[in-house]
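Results of the structural survey
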Amino acid sequence: MKILHTSDLHIGKKLMGRERLDEYRGVFSELEAVCVREGVDFVLIAGDVFDTYTPSAEAEEIFYRGIKSLSGKCAVLIISGNHDDYVRLAAASVFAEEQNVYIIGNNLAPVNCAKRGKIYPAKSGNGWVVFEGNGSVYINALPYPNEARFKEGRSDETFEEKMTRWINCGEEGKAGKIPSIFLSHIFVAGGKVSDSEREIDLGGARAVPLSLLPDCDYCALGHLHKRQRLGKNTYYSGAPMQFSFDECGAEKSVNVFDLTENGIENFKQVELTSARKLIRLQTNGVEEGLSVLDANKECFVELTLNLNAPMTPQESSALHEKENLVSLRTEVQSVENTFEKISNKNKSSSQLFSNYYKMRYGAEVPKELLTLFLSMTEEE
């Protein structure tokens, strides 16, 4: 069975207030193209379909259209992440199942089994499902683990004890030797995070030790946006788009592999290129900044300008007119000079301000700025 693993779509997530809806549409089109090109039978989405509990109508429309089109090529299994309202996400299950799309919001209910396509759920229980067709695969599915989501009250159990119980629940249907996958949305201790992850308890009580994960052929995880491998067979596929500027240069991809009776074969990371890249640039002066923005129109840019004087309003406007400028940082460099000790006695406000400006920036104060300063001090 040929399987594709992805996660953390975060449909609706903005980049510093900027909408990226067309990019999300592009990601679904690219996923579909990868499935066709690679001959994928089964897609696993490891949580965080949406960026918020209450996604916009546009975000939901992108999801439903994209998943419906994708399911025309292969079966799809989705679990909820910490950013998803698991009830809302799973509310469309009755319709989704008719498209061979299966959504597990929590581990309390089995999947509705029926033959709806080449790959289909044959048996299921709480937290597990067996898919048949072109081979078999046992899925231990654990959506984002949370006591409230699983409708559990307080207890004396530690988080590790709860995790052990929840994982073991998903192992109860495993019988005989069958290829198996653990599908979950968790933070495994030792994973590398990026600035775009929010509300992750790093190194604390909610970090899951690698040793707690079940014995299986492949662990398909979501939650961390950087693709990475932990241990022998535990993978974060990573998010399909760059969401923060600390991911500059990070390739985005999906994991594709064959699952056979011998385990994982032909594993590879298939690069995704449809979303716009995020880059950091640094220039000396506004003119050079405008030039590099024009040269990188296909990217979203965080630009740092090294200046020897503050920008004028006209220069600022020219920069912000560039569609690809997302973040602008300025570093005004003072010119170090050696000054004799000078008395400021009997000097006017304009002289004091002019002397300070020249000492700070190594240049004469612009006439417009001096006029503005004098208007504030009411000096004629």
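Reading the values: the criteria
Residues numbered from 1 in each chain as written. Predicted model: local features only at pLDDT ≥ 70, side-chain atom pairs only at ≥ 80, totals over all residues. Heavy atoms only, no water. Helix = DSSP H or I, 4+ residues; strand = E, 2+ residues; numbered from the N terminus. Rg over C-alpha atoms; globule rule 2.2 N^0.38 Å. Buried < 20%, exposed > 50% of the residue type's maximum accessible area, 1.4 Å probe, protein only. Contact = heavy atoms within 4.5 Å. Areas by Shrake-Rupley, 256 points an atom, 1.4 Å probe, with all protein chains shown as cover. Lys, Arg positive; Asp, Glu negative; His and termini not counted. Charge placed at Lys NZ, Arg CZ, Asp CG, Glu CD. Phe/Tyr/Trp six-rings, centres within 6.5 Å; stacked < 30°, edge-to-face > 60°. Lys NZ or Arg CZ within 6 Å of the ring centre and 35° of its normal. Pairing = 2+ DSSP bridges. Axes fitted to C-alpha atoms, helices over the stretch in contact; angles between N-to-C directions. Parallel < 35°, antiparallel > 145°, perpendicular 65-115°, else oblique. Nonpolar A, V, L, I, M, F, W, Y, C, P; charged D, E, K, R; others polar.

Right, let's get into the overall build of the protein chain. A tally of regular secondary structure across the protein chain gives nine helices and 16 strands. For the protein chain, the C-alpha radius of gyration of 27 Å lies well beyond 21 Å, the compact-globule estimate for 380 residues. Taken along its principal axes, the extent of the C-alpha atoms in the protein chain is 95 × 50 × 35 Å. Considering the protein chain as a whole, with its 380 residues, one finds that 50% of them fall into the buried category. Nonlocal contacts in the protein chain, meaning residues at least 24 apart in sequence, comprise 65% of its contacts between residues at least 6 apart. Looking at the protein chain as shown, the accessible area adds up to about 18600 Å², and 48% of this sits on carbon and sulfur atoms. Here the protein chain carries 43 positive and 55 negative side-chain charges, and the mean point of each set is 2 Å from the other.

Attention now moves to the packing of aromatic side chains. Summed over the entire model, instances satisfying the criterion amount to eleven aromatic pairs. Relative to Phe63, the ring of Phe50 has its centre 5.3 Å away and its plane inclined at 70°; by these criteria the two rings are edge-to-face. Taken together, the positions of Phe50 in the loop between strand E2 (42-46) and helix H2 (57-71) and Phe63 in helix H2 put the pair 13 residues apart, joining distant regions of the chain. Taken individually, Phe50 and Phe63 each receive the classification buried, so the pair is uniform in this respect. Between Tyr102 and Phe131, the aromatic rings sit 5.7 Å apart at their centres with planes inclined by 70°, giving edge-to-face as the arrangement. Separated by 29 residues along the polypeptide, Tyr102 in strand E4 (residues 101-104) and Phe131 in strand E6 (residues 128-132) bring together distant segments of the chain. A relative accessible area of 1% means that Tyr102 is categorised as buried. A residue is classified by how much of its surface remains accessible, and Phe131, at 0% relative accessible area, is buried. Three or more aromatic residues link up through ring pairs in this structure, and these residues are Tyr218, Tyr235, Phe257 and Phe267. Lying over the aromatic face of Phe243, Lys13 brings its terminal NZ or CZ to 5.9 Å of the ring centre. Cation over ring: Arg276 sits above Phe300, and NZ or CZ is 4.0 Å from the ring centre.

Attention shifts here to the pairing of strand E13 (residues 263-272). Within a regular strand, side chains alternate between the sheet's two faces. As paired strands, strand E12 (residues 252-260) and E13 are joined by eight bridges and run antiparallel to one another. When the sheet's bridge partners are listed, Asp258 is paired in E13 with Glu265. If you look at the hairpin formed by E12 and E13, you'll find two residues sitting between the two strands.

Once that is clear, we can look at the environment of Gly222. Take Gly222: it is sitting in strand E9 (residues 218-222). Accessibility expressed as a relative area gives 0% for Gly222, which makes it buried. Between the C-alpha atoms of Gly222 and Glu58, which are 164 residues apart in sequence, the distance is 23 Å. Not counting residues up to four positions away in its chain, the partners in contact with Gly222 are Ser7, Asp8, Ala46, Ser184, His185, Ile186 and Tyr236.

One can describe the packing of helix H1 (residues 21-38) onto H2 by two numbers: an axis separation of 10 Å at closest approach and a directional angle of 10°. In terms of their interaxial angle, H1 and H2 are classed as roughly parallel. The segment H1 lies against H2, with Leu21, Tyr24, Arg25, Phe28, Leu31, Glu32 and Cys35 engaging Glu58, Glu61, Ile62, Phe63, Gly66, Ile67, Ser69 and Leu70. A class-by-class count of the residues in the contact of H1 with H2 yields nine nonpolar, two polar and four charged.

Working note: non-glycine residues mostly have negative phi, and peptide bonds are mostly trans. Although it is not a glycine, His10 sits at a positive phi angle of roughly 50°. Within the fold, His10 resides in the loop between strand E1 (2-6) and H1. In the Ramachandran plot, Met16 falls in the positive-phi region, its phi being about 50° despite a non-glycine side chain. Along the chain, Met16 turns up in the loop between E1 and H1.

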